[in-house]
Amino acid sequence: QVQLTESGGGLVQAGGSLRLSCAASGRTFSNYQMAWFRQAPKKGREYVAAISWNGAGTYYEDSVLGRFTISRDNAKATVFLQMNSLKPEDTGVYYCAAAQQGGGSYRNLATYRYWGQGTPVTVSS
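Worth saying up front: this structure is predicted, and the values here are computed from it rather than measured.

Student: What am I meant to see in the overall build of the protein chain here?
Tutor: On a plain count of helices and strands, the protein chain comes out with 0 helices and 11 strands. Beginning at the N terminus, the succession of helices and strands in the protein chain can be written as β-β-β-β-β-β-β-β-β-β-β. Computed over C-alpha atoms, the radius of gyration of the protein chain comes to 13 Å, within 12% of the 14 Å expected from 2.2 N^0.38 for 125 residues, which places it in the range of a compact globule. Taking the principal axes of the C-alpha coordinates as reference, the protein chain spans close to 40 × 25 × 25 Å.

Below, the structure is given as structure tokens:
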């Protein structure tokens, strides 16, 4: 089992920044590829960004490319999502997810076995 706990969400004006954190516990963190997904009101959960087990590979959904940065600290068993130039359409609940490295497509929600409880992000215009 892997337990994931997100933090760092909040209310921010358009153009602002937030840094989300996801702390993991339970299994060897470095065995897992990690990702962030988000779910806007009345919409499905969508992929945002992912990172390989050692941080060498990072992957982004097109709408956040150049604005968001995913990173990880394996010594602290934590993954981060730095979000800059936020837009109202970035509003939603952000979820951290973990999967065994190589377990499937980074973008595919079904790849990820473990999920956090989510942290809300609201971007006002």
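From this point on, the discussion continues.
Student: What am I meant to see in the pairing of strand 9 (residues 92–100) here?
Tutor: Every other side chain in a regular strand lies on the same face of the sheet, so the side chains alternate between the two faces. Within strand 9, 7 of the 9 residues are buried, which leaves the element mostly enclosed by the surrounding structure. Here 3 bridges tie strand 9 to strand 11 (residues 119–124), and the two strands are oriented antiparallel to one another. By the bridge assignment, Gly-92 is partnered in strand 11 with Val-121. In this sheet, strand 10 (residues 114–115) lies alongside strand 9 in antiparallel orientation, the contact comprising 2 bridges. The partner of Ala-97 across the bridge, within strand 10, is Trp-115.

Student: Can you walk me through the sheet that holds strand 3 (residues 18–25) in this structure?
Tutor: Backbone hydrogen bonds hold the strands of a sheet together, and the pairing may be parallel or antiparallel. Across the sheet, 4 strands lie side by side as 1-3-8-7; this open sheet has antiparallel pairing. Two strands close off the open sheet at either side, each with one partner strand: strand 1 (3–7) and strand 7 (68–73). Each neighbouring strand pair of the sheet contributes to a mean axis angle of 15°, computed without reference to strand direction. As paired strands, strand 7 and strand 8 (residues 78–83) are joined by 6 bridges and run antiparallel to one another.

Student: Please clarify how the pairing of strand 1 should be interpreted in this entry.
Tutor: The side-chain alternation of strand 1 yields one buried face, formed by Leu-4 and Glu-6, and one unburied face, formed by Gln-3, Thr-5 and Ser-7. The pairing of strand 1 with strand 3 spans 5 bridges and is classified as antiparallel. Residue Ser-7 lies in a different strand from strand 3, and its bridge partner there is Ser-21.

Student: Hey, could you run me through the pattern of salt bridges in this one?
Tutor: Charged atoms that come close allow side chains of opposite charge to pair. Summed over the entire model, instances satisfying the criterion amount to 3 salt bridges. Glu-46 is paired through a salt bridge with Arg-38; the nearest N and O atoms lie 2.7 Å apart. The salt bridge partner of Asp-90 is Arg-38, with a shortest N-O separation of 2.9 Å. With Asp-90 in the loop between strand 8 and strand 9 and Arg-38 in strand 4 (residues 32–39), this residue pair connects regions lying 52 residues apart in the sequence. Both residues of the pair, Asp-90 and Arg-38, belong to the buried class. Here the residues in one salt-bridge network are Arg-38, Glu-46, Arg-67 and Asp-90, joined through shared partners.

Reading the values: rules and limits
Residues numbered from 1 in each chain as written. Predicted model: local features only at pLDDT ≥ 70, side-chain atom pairs only at ≥ 80, totals over all residues. Heavy atoms only, no water. Helix = DSSP H or I, 4+ residues; strand = E, 2+ residues; numbered from the N terminus. Rg over C-alpha atoms; globule rule 2.2 N^0.38 Å. Buried < 20%, exposed > 50% of the residue type's maximum accessible area, 1.4 Å probe, protein only. Pairing = 2+ DSSP bridges. Axes fitted to C-alpha atoms, helices over the stretch in contact; angles between N-to-C directions. Salt bridge = Lys/Arg side-chain N within 4 Å of Asp/Glu carboxyl O.

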